[in-house]
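Coordinates in review
Each chain, letter by letter, is given below.
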Amino acid sequence: MTTSKKQDPRAARSKRLLKKATVDILIENPDISKLTVQQITKRAELNRATFYLHFLDINDLLRQLVYDIFDNLLLETTPILQIDNKNNRDRLILFLDYFYQHRKLLAVLFEHSGFKKKLQMILKDSIVLQRVREDSDSKEIVLSMDILASSTLGIIMWWLKDGVHFSSEYIADQMIELYR
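The present account deals with the structure reproduced in this document. (Residues numbered from 1 in each chain as written. Predicted model: local features only at pLDDT ≥ 70, side-chain atom pairs only at ≥ 80, totals over all residues. Heavy atoms only, no water.)

On to the overall build of the protein, then. Each helix and strand in the protein was counted, giving nine helices and zero strands. Secondary structure elements of the protein, listed N to C terminal, follow the sequence α-α-α-α-α-α-α-α-α. Taken over 180 residues, the protein has a buried fraction of 39%. Considering only intrachain contacts with a sequence separation of at least 6, the fraction spanning at least 24 residues in the protein is 58%. Of the roughly 11200 Å² of accessible surface on the protein, 53% is carried by carbon and sulfur atoms. (Helix = DSSP H or I, 4+ residues; strand = E, 2+ residues; numbered from the N terminus. Buried < 20%, exposed > 50% of the residue type's maximum accessible area, 1.4 Å probe, protein only. Contact = heavy atoms within 4.5 Å. Areas by Shrake-Rupley, 256 points an atom, 1.4 Å probe, with all protein chains shown as cover.)

Turning our attention to the packing of aromatic side chains. All told, the structure shown has nine aromatic pairs when counted by the stated rule. Look at Phe51 and Phe55: their rings are 5.5 Å apart centre to centre, the planes differ by 45 degrees, and that puts the pair in the tilted class. Accessibility assignment for this pair places Phe51 and Phe55 in one class, buried. Geometrically, the ring pair formed by Phe70 and Phe115 is stacked, given 5.1 Å between the ring centres and 25 degrees between the ring planes. Separated by 45 residues along the polypeptide, Phe70 in helix α4 (residues 58-76) and Phe115 in helix α7 (residues 113-134) bring together distant segments of the chain. Across this residue pair, the class does not change: Phe70 and Phe115 are buried. Taken together, the ring pairs connect Phe51, Tyr52 and Phe55 into an aromatic cluster. (Phe/Tyr/Trp six-rings, centres within 6.5 Å; stacked < 30°, edge-to-face > 60°.)

Before going further, it helps to spend a moment on unusual backbone geometry. Only a minority of non-glycine residues have a phi that is not negative, and only a minority of peptide bonds are not trans. Even without being glycine, Glu45 reaches a positive phi, approximately 60 degrees. Residue position: Glu45 is located in the loop between α2 (37-44) and α3 (48-54). Owing to a relative accessible area of 73%, Glu45 belongs among the exposed residues under this scheme.

Quick look at the structure:
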């Protein structure tokens, strides 16, 4: 019989506070190179020992933060797999709403090419998987899905940087029209 070890609620709270403090600091000043443990712990109202109890260093914290974002994003990618009916339009809007809600942090992360590449790969893998299910000639789909993933990422990046005044509904409708 195996037992799963539950995380102490205090430890979970501390990690959450440290991650939130990091996000808040990066939104104010996106220069990751100037981020310090002292800034993070001061903002989180925790001590350095607590920081090092949960993370090896700042890079470890950032890595876990990005993994959290990708985990959440993977849950949200399914709406863009089929964007041709009303139900999928609603799911696409929810997907875009996720980006809008996290736009300040994502704007910081979009500055790093590794993040963009990973996000594009997630989009492409999700889109290709769905299209392969729909079409038996999957070899010809891969290139067009790479273009579709790049286009989707480009639209999202533009929207969050320059077009944030447009609603997620408007962007969803534009994407649906574009991909027909």
